[in-house]
Amino acid sequence: MKSVTVSTDVPQTPEQVYDFLDVMAHHELFTNHYLTDWRYDGPARGIGSCAMVTAALGGVKTDVTIEVVEAEAPRRIVERNVSAAGRRLAHGIYTIEPLPSGGSRVSFTYAWTRAPLADHLLAPAVRATMRRANRTVMRRLAAELAHHVSAAGA
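Analysis parameters
- Residues numbered from 1 in each chain as written.
- Predicted model: local features only at pLDDT ≥ 70, side-chain atom pairs only at ≥ 80, totals over all residues.
- Heavy atoms only, no water.
- Helix = DSSP H or I, 4+ residues; strand = E, 2+ residues; numbered from the N terminus.
- Polar contact = N/O pair within 3.5 Å; in protein donor to acceptor, adjacent residues only side chain to side chain.
- Contact = heavy atoms within 4.5 Å.
- Pairing = 2+ DSSP bridges.
- Core = buried A, V, L, I, M, F, W, Y, C linked by side-chain atoms within 4.5 Å.
- Buried < 20%, exposed > 50% of the residue type's maximum accessible area, 1.4 Å probe, protein only.
- Axes fitted to C-alpha atoms, helices over the stretch in contact; angles between N-to-C directions.
- 1 Å grid on protein atoms, 1.4 Å probe; cavity = no way out; pocket = protein on both sides within 12 Å on 5 of 7 lines; lining within 4 Å.
- Points joined across faces, edges and corners; volume = space filled by probe spheres on them.
- Nonpolar A, V, L, I, M, F, W, Y, C, P; charged D, E, K, R; others polar.
- Salt bridge = Lys/Arg side-chain N within 4 Å of Asp/Glu carboxyl O.

Turning our eyes to something else, we now look at the side chain of S83. Of note, S83 is situated in strand β5 (residues 76-83). One polar contact links S83 to R88, side chain to side chain, over a distance of 2.9 Å. Those residues in contact with S83, other than ones at most four positions away along the chain, are T62, D63, V64 and R88.

What follows is the structure, given as structure tokens:
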């Protein structure tokens, strides 16, 4: 299946964005509109940090394990996502790039490595649903970054 990428531009530096995204528990703040029942394992940040969540998209609920498998400060975080009882394997990739005018472009790519037959058969609808949900994620991430960075500076 083709991957889905969404992006947003924020005024925070790549270092500020990375520092926020590196903490697994922060992800709950901007994804809890469709990822619920967050449970954490491993370190709070960095490679090996892990969360088990319930995803509710397109009227379907499934348990998902999210684990950080790569991290390159301040530009990239790669999460491995396992769901559908292991039949779905994907990577969520955050890429953070400095903007020439200051601030950062934050992109999130969801790339399937393995997917159940139903996902393949409904690929256009699955991708559209993921794109919609992750556009909301990017809007909410921008708001959370603004709150987090201003609170840290206070």
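Here we take up the pairing of strand β3 (residues 50-57). One ladder, built from 5 bridges, connects strand β2 (residues 35-41) with β3; its direction is antiparallel. For R39, the partnering residue across the bridge sits in β3 and is M52.

Turning our eyes to something else, we now look at the nonpolar core. Within the largest apolar cluster, 34 residues are counted, with the highest numbers of intra-cluster contacts made by L21, M138 and L141. Here this core gets 7 residues from one element, more than from any other, and that element is helix α4 (residues 123-153). Setting aside its immediate chain neighbours within four residues, M138 contacts V6, S7, T8, Y94, V106 and F108.

So, about the sheet that holds strand β4 (residues 60-72). With respect to topology, 7 strands assemble into an open sheet ordered β1-β7-β6-β5-β4-β3-β2, the strand pairing being antiparallel. Both edges of this open sheet fall to β1 (4-10) and β2, since each of them pairs with a single strand only. Averaged over neighbouring strand pairs, the angle between their axes works out to 20° when direction is ignored. Relative to strand β7 (residues 104-114), β1 is paired through 7 bridges, and the arrangement is antiparallel.

Within this model, the largest pocket holds a volume of roughly 710 Å³. Together, 34 residues line the largest pocket, and A55, L57, T62, R88 and M130 are the ones closest to its centre. Class assignment for the residues of the lining of the largest pocket results in 21 nonpolar, 9 polar and 4 charged.

In this section: the environment of R88. Within the secondary structure layout, R88 lies in strand β6 (residues 88-98). It is 9.3 Å that separates the C-alpha atoms of R88 and V64, two residues lying 24 residues apart in sequence. Among residues more than four places away in sequence, those in contact with R88 are T62, N81, V82, S83, Y110, W112, R114, A115, P116 and D119. Polar contacts involving the side chain of R88 include one to the side chain of D119, which spans 2.7 Å.

Now for the pattern of salt bridges. As enumerated under the stated definition, the model contains 7 salt bridges in all. The residue E67 makes a salt bridge to R80 at a minimum N-O spacing of 3.0 Å. Residue E67 is located in strand β4, and its partner R80 is located in strand β5; the two are separated by 13 residues in the primary sequence. The exposure class assigned to E67 is partly exposed, which follows from its relative accessible area of 25%. Note on R80: relative accessible area 31%, which makes it partly exposed. Sharing partners across several salt bridges, the network here consists of D19, D22 and R45.

By themselves, these observations are geometric and do not establish any function.
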